[in-house]
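# Fold and contact review
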Amino acid sequence: MRMRRINTELCRVLSGAINPLGDQAADYEVLAMFQDEIAHMTRTYDRMNKGTMPKPVRTAKPKRRRRATTQT
C-alpha cells in the first residue's frame, strides 16, 4: 500500500513538474537525473507489482478457547 502511494507521488512529480518543461528539462542536469531516477523507480515498482515476489503464506491460527468460569 505504501509503495503504491510513493509510486503515485513520483508519477505526479514527473507529470506535473518535470514533463511540462518538455525539451527544456534536458538543459538542466538535475531535472534529467530526476527523470531517469523516477523512471527507474516506477519500472521497479511495476516489476514488483506484477507478482514476481511470492505472496506470504498464511498459517492457520489456533482457535481461542474461553476460560471456564468458576462460581464462588
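As a reminder, the structure under discussion sits directly above these lines.
Here we summarise the structure given alongside this text. Fair warning: this is a prediction, and the values are worked out from it, not measured in the lab. (Residues numbered from 1 in each chain as written. Predicted model: local features only at pLDDT ≥ 70, side-chain atom pairs only at ≥ 80, totals over all residues. Heavy atoms only, no water.)

Within the chain one finds two helices and zero strands. Looking at the chain residue by residue over its 72 residues, the buried ones come to 12%. Carbon and sulfur atoms make up 54% of the accessible area of the chain, which amounts to about 7400 Å² in all. (Helix = DSSP H or I, 4+ residues; strand = E, 2+ residues; numbered from the N terminus. Buried < 20%, exposed > 50% of the residue type's maximum accessible area, 1.4 Å probe, protein only. Areas by Shrake-Rupley, 256 points an atom, 1.4 Å probe, with all protein chains shown as cover.)

This part takes up helix α1 (residues 2–18). The first and last C-alpha atoms of α1 sit 23 Å apart over 17 residues, in line with the 24 Å expected at 1.5 Å per residue. Considered for burial, the residues of α1 that qualify are N7, L10, L14 and I18. Seen along its axis, α1 keeps its buried residues to an arc of 65°; they face one direction. Summarising the geometry of α1, the exposed residues directed more than 90 degrees from the buried face are R2, R5, R12 and G16. (Expected span 1.5 Å × (residues − 1). Arc of directions from axis to C-beta.)

For the rest of this paragraph, the subject is the nonpolar core. One finds L10, L14, I18, A25, L31 and I38 forming the largest nonpolar core, which totals six residues. Of all the secondary-structure elements, those providing two or more residues to this core are α1 and α2 (29–49). It is α1 that provides the largest number of residues to this core, a total of three residues. Sequence-distant contacts of I18, that is, excluding residues within four places in its chain, are made with V13, A25, L31, F34, Q35 and I38. (Core = buried A, V, L, I, M, F, W, Y, C linked by side-chain atoms within 4.5 Å. Contact = heavy atoms within 4.5 Å.)

Now for the pattern of salt bridges. Scanning all chains against the criterion turns up one salt bridge. Among the salt bridges present, the one from R12 reaches E9, with a minimum N-O distance of 3.1 Å. With R12 and E9 both in helix α1 and three residues apart, this pair spans about one turn of that helix. (Salt bridge = Lys/Arg side-chain N within 4 Å of Asp/Glu carboxyl O.)

Running from N to C, α1 and α2 point in directions that differ by 145°, and their axes come no closer than 10 Å. Crossing of α1 against α2: the hand is left-handed. Contacts between α1 and α2 involve M3, R4, N7, L10, C11, V13, L14 and I18 on the former and, on the latter, L31, F34, Q35, I38, M41, T42, Y45 and M48. Grouping the amino acids of the contact of α1 with α2 by side-chain chemistry returns twelve nonpolar, three polar and one charged. (Axes fitted to C-alpha atoms, helices over the stretch in contact; angles between N-to-C directions. Left-handed = near helix turned anticlockwise from the far one by under 90°. Nonpolar A, V, L, I, M, F, W, Y, C, P; charged D, E, K, R; others polar.)

Counting through the fold element by element, T42 comes out in helix α2. In this view, T42 contacts N7 and C11; residues no more than four positions away in its chain are not counted.

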